[in-house]
Amino acid sequence: MKKRLKRQRRCDAKLAKRAEAKRRKADVAASTKAAFHSKVNAMSSEARDAFFVERGARIEARRRETAERKERRRAQLSSAYGLTIDCDEDLTTTMERERWGSLMKQLRAAYERNCKTTAPFKMSFTRMSEAFEEQMGRMNAGWENWHVVRLGKTLRETAAESETTAKSLVYLTADSERELREIEAGKTYVIGGFIDRNRHKGLTLRKARELGVEHARLPIGEFLETRGAPVLTVNQTADVLTSFLERGDWGEAIEAVVPARKVVKIANRSNEADAKIKDAERARDEDEDEDEDEDASPTADDDDDAPTSTDGAPR
Ligand SMILES: C[S@@+](CC[C@H](N)C(=O)[O-])C[C@H]1O[C@@H](n2cnc3c(N)ncnc32)[C@H](O)[C@@H]1O
């Protein structure tokens, strides 16, 4: 009897709390509405007309923006081009733990680029360790709502699913002897979620071979003479792929992404034309660095914590 009475009281209190919250919400809505009406009533009739025209345009622009965003997100998840970031524990435990934050910034940059393009990849992540995922939640607030597929499996488990799945994977690695020529529908391009300042050269190539999946490097050497081995960051690699899907031209995609300071010579250009282009790109890189200091948004180029190789390029 006592127990039932207690339960009844708890239930009543909950209902009263809910009713109070509802009443408060209605009060706020009523006073907002009253303020709006008194503001509109105080206007001259011309000002009121102009106000409603401008308000209508604003509402319409917002509605269009929301519809476009929804459409882009739908396109993202139904894209025929796959892009997986390999976040398996074997990679994240091999890299220095202090670099996790930088890697997470790169993951966000890659995701944001994919959200903005008209030629998106269906982006996915392999299974992260608990510790990595927990930090990812802190670093990239709201990442649970990203329009990506969480595979819930390691790359090894994914490749072992079926022969078709294994055959559809192409591990991108700067150490591959094969050059990527095309981005094919139905294939999934894998980027190693890894920052190592290239201390672990060949690590992802060995992994690809071990899993028996195809591998390839970006055709950077064909278009640019670079300082040192052209090893890019995770987001730069994703950016080259997206730029290629957008433009259909490897040269343009690579030149747009690879940081100017890494470039020694642009193939098939006179020295004068080459110097002009490099100057322009260098200026752009410097601008990006400054922007970065202001808003700390990760760009394709280096970020404060981003790893730098001996030649100064982030990897
Ligand atoms: C910083 S790199 C890691 C380098 C590391 N030593 C390795 O074994 O891959 C991060 C990832 O970007 C991708 N990547 C970087 N440069 C690339 C290139 N030139 N061609 C293809 N993929 C590249 C690879 O997927 C690589 O795992």
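Thresholds applied
- Residues numbered from 1 in each chain as written.
- Predicted model: local features only at pLDDT ≥ 70, side-chain atom pairs only at ≥ 80, totals over all residues.
- Heavy atoms only, no water.
- UniProt positions renumbered as here; feature names shortened; annotations may be inferred.
- Helix = DSSP H or I, 4+ residues; strand = E, 2+ residues; numbered from the N terminus.
- Buried < 20%, exposed > 50% of the residue type's maximum accessible area, 1.4 Å probe, protein only.
- Contact = heavy atoms within 4.5 Å.
- Areas by Shrake-Rupley, 256 points an atom, 1.4 Å probe, with all protein chains shown as cover.
- Pairing = 2+ DSSP bridges.
- Axes fitted to C-alpha atoms, helices over the stretch in contact; angles between N-to-C directions.
- Parallel < 35°, antiparallel > 145°, perpendicular 65-115°, else oblique.
- Nonpolar A, V, L, I, M, F, W, Y, C, P; charged D, E, K, R; others polar.
- Core = buried A, V, L, I, M, F, W, Y, C linked by side-chain atoms within 4.5 Å.
- pLDDT = per-residue confidence, 0-100.
- Patch = residues over 30% accessible without salt bridge, like charges linked within 9 Å, V, L, I, M, F, W, Y side chains within 5 Å.
- Salt bridge = Lys/Arg side-chain N within 4 Å of Asp/Glu carboxyl O.
- Lys, Arg positive; Asp, Glu negative; His and termini not counted.
- Charge placed at Lys NZ, Arg CZ, Asp CG, Glu CD.

The name given to the protein chain in an unreviewed UniProt entry is tRNA (guanine(9)-N(1))-methyltransferase, with the source organism recorded as Ostreococcus lucimarinus. What UniProt records for the protein chain under Catalytic activity (unreviewed entry) is the sentence "guanosine(9) in tRNA + S-adenosyl-L-methionine = N(1)-methylguanosine(9) in tRNA + S-adenosyl-L-homocysteine + H(+)".

Colleague: Just give me the short version of the overall build of the protein chain, but keep the residues and values in it.
Modeller: For the protein chain, the count of helices and strands is 12 helices and eight strands. Burial status across the protein chain gives 42% buried among its 315 residues. Partitioning the contacts of the protein chain with sequence separation of at least 6, the portion at a separation of at least 24 is 73%. For the protein chain, the accessible surface area stands at approximately 17,900 Å², while carbon and sulfur atoms represent 51% of it.

Colleague: Would you mind going over the pairing of strand β5 (residues 188-192) in detail, with residue names and values included?
Modeller: Most of β5 is tucked away: five of the five residues are buried. Residues Thr-188, Val-190 and Gly-192 of β5 are buried on one face, and the alternating residues Tyr-189 and Ile-191, pointing to the opposite face, are buried as well. In the sheet, strand β4 (residues 169-172) pairs with β5 via four bridges, with the strands oriented parallel. Along β5, the bridge assignment pairs Val-170 with Tyr-189.

Colleague: Explain the packing of helix α4 (residues 100-116) against helix α10 (residues 234-247) to me, and be specific about the residues and the numbers.
Modeller: Put simply, α4 and α10 touch, their axes get as near as 8 Å, and they point 10° apart. Taken together, α4 and α10 sit at an angle that is classed as roughly parallel. Along the contact surface, α4 presents Leu-103, Gln-106, Leu-107, Ala-109, Ala-110 and Arg-113, while α10 presents Val-234, Asn-235, Ala-238, Asp-239, Thr-242, Ser-243 and Glu-246. Here the contact of α4 with α10 is composed, by residue class, of six nonpolar, four polar and three charged.

Colleague: So, the nonpolar core: which residues are in play, and what are the values?
Modeller: By size, the foremost hydrophobic cluster in this structure holds 55 residues, and its most contacted members are Leu-107, Phe-125, Leu-180, Tyr-189, Leu-241 and Trp-250. The residues touching Leu-180, leaving out its near neighbours within four places in the chain, are Val-170, Leu-172, Tyr-189, Ala-216, Arg-217, Leu-218, Pro-219, Leu-241 and Trp-250.

Colleague: Can you tell me about the confidence of the model for the protein chain, naming the residues and giving the values?
Modeller: Put simply, the protein chain has an average pLDDT of 86, and 83% of its residues get 70 or more. For the stretch residues 284-315, pLDDT sits under 50, and the model shows 71 contacts to residues farther than four places along the chain or on other chains.

Colleague: Talk me through a positive patch on the surface; I want residue IDs and the actual numbers.
Modeller: Together, Lys-2, Lys-3, Arg-4, Lys-6, Arg-7, Arg-10, Lys-14 and Arg-18 line one region of the surface with positive charge. Mapping Lys-14 onto the fold places it in helix α1 (residues 2-41).

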